[in-house]
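Geometric and topological summary
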Amino acid sequence: MGLILLGQLGCVQGMLGYLPLYLRDIGWTPASADGSVAAFNGISALAVFPVILLSYRWGSKKKVLFAATLITAIGVGWLAVVTGPSVYAAVLLAGIVRDGFMAVYMTTIVESEEIGPAYAGTAIGLAMTIGRMGVLISPPVGNSLAVIGANLPFVFWAGMAALSLFWFLFLK
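Residues numbered from 1 in each chain as written. Predicted model: local features only at pLDDT ≥ 70, side-chain atom pairs only at ≥ 80, totals over all residues. Heavy atoms only, no water.

**Some remarks on the overall build of the protein**
From N to C terminus, the protein includes seven helices and zero strands. Its helices and strands in sequence order give the protein the pattern α-α-α-α-α-α-α, from N to C terminus. Here the protein has a C-alpha radius of gyration of 16 Å; the compact-globule value for 172 residues is 16 Å, and the two agree. With the C-alpha coordinates of the protein rotated into their principal frame, the extents come out at 50 × 30 × 25 Å. The average position of the 8 basic charges and that of the 6 acidic charges among the side chains of the protein differ by 6 Å. (Helix = DSSP H or I, 4+ residues; strand = E, 2+ residues; numbered from the N terminus. Rg over C-alpha atoms; globule rule 2.2 N^0.38 Å. Lys, Arg positive; Asp, Glu negative; His and termini not counted. Charge placed at Lys NZ, Arg CZ, Asp CG, Glu CD.)

**Some remarks on the packing of helix α1 (residues 2-25) against helix α5 (residues 98-111)**
Their axes nearest at 12 Å, the elements α1 and α5 cross at an angle of 160 degrees. For the element pair α1 / α5, the angle class is roughly antiparallel. α1 and α5 meet at a crossing whose hand is left-handed. Of the residues in α5, those in contact with Gly 2, Ile 4, Leu 5, Gln 8, Leu 9 and Val 12 of α1 are Arg 98, Phe 101, Met 102 and Tyr 105. Considered class by class, the residues forming the contact of α1 with α5 number seven nonpolar, two polar and one charged. (Axes fitted to C-alpha atoms, helices over the stretch in contact; angles between N-to-C directions. Parallel < 35°, antiparallel > 145°, perpendicular 65-115°, else oblique. Left-handed = near helix turned anticlockwise from the far one by under 90°. Contact = heavy atoms within 4.5 Å. Nonpolar A, V, L, I, M, F, W, Y, C, P; charged D, E, K, R; others polar.)

**Some points on helix α4 (residues 86-95)**
Of the residues making up α4, those classed as buried are Val 87, Ala 90, Val 91, Ala 94 and Gly 95. Around the axis of α4, the buried residues are gathered within 125 degrees of arc, so they sit on the same side. Among the structural elements, α1, α2 (30-58), α3 (61-78) and α5 are those in contact with the buried residues of α4. (Buried < 20%, exposed > 50% of the residue type's maximum accessible area, 1.4 Å probe, protein only. Arc of directions from axis to C-beta.)

**Some details on α2**
Look at α2: 41 Å from first C-alpha to last across 29 residues, which is about the 42 Å you get at 1.5 Å a residue. Within α2, burial applies to Ala 33, Ser 36, Val 37, Ala 39, Phe 40, Ser 44, Ala 47, Val 48, Val 51 and Ser 55. On its buried face, α2 is in contact with α1, α3, α4 and α5. Downstream of α2 by one or two residues, Gly 59 has phi in the positive range, about 75 degrees. (Expected span 1.5 Å × (residues − 1).)

**Examining the side chain of Thr 69**
Take Thr 69: it is sitting in helix α3. In this structure Thr 69 comes out as buried when scored by relative accessible area, which is 0%.

**Comments concerning the packing of α3 against α4**
Following both chains from N to C, one finds α3 and α4 inclined at 160 degrees, their axes separated by 7 Å at the closest point. In this view, α3 runs roughly antiparallel relative to α4, as classed from their interaxial angle. Along this stretch, α3 crosses α4, giving a crossing that reads as left-handed. Across the interface between the two elements, Ile 71, Thr 72, Ile 74, Gly 75, Val 76 and Trp 78 of α3 pack against Ala 89, Ala 90, Leu 93 and Ala 94 of α4. Considered class by class, the residues forming the contact of α3 with α4 number eight nonpolar, two polar and no charged.

Structural data, given as structure tokens:
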């Protein structure tokens, strides 16, 4: 679970820090560039309850987490190739599952048979610590790729989320 979070958090944190700078560099106004991050967070907040309800409707939190990770990877990867208003579409796609992912993720840990209520806090703390390693590593590595190509960081961060999909193979 921690490795899934490492890729997911690393992807989102790197992208959110770089996106406004990238958009300003390609000619966006500061308000529009910064507004992209606001759009990401706004759609995420609006969609949190539908994502949670979807996990109960599907009867599988794992499926929702997998789908959310895939959607994040696609949205962030799409940022590497789009320009103009399509950037907002990519940002909204990546953001629509963000907070819902976290809510379902935390619930998944707590409800795991192996964890139970006695170890839930420890399990969440360990998973979050591993996830935060992605937040620590992702921005500087991704940003360093901008020297080669301004859109390459998005490819790297989408790859981090896509790598998280591999770790689902080990999730019961």
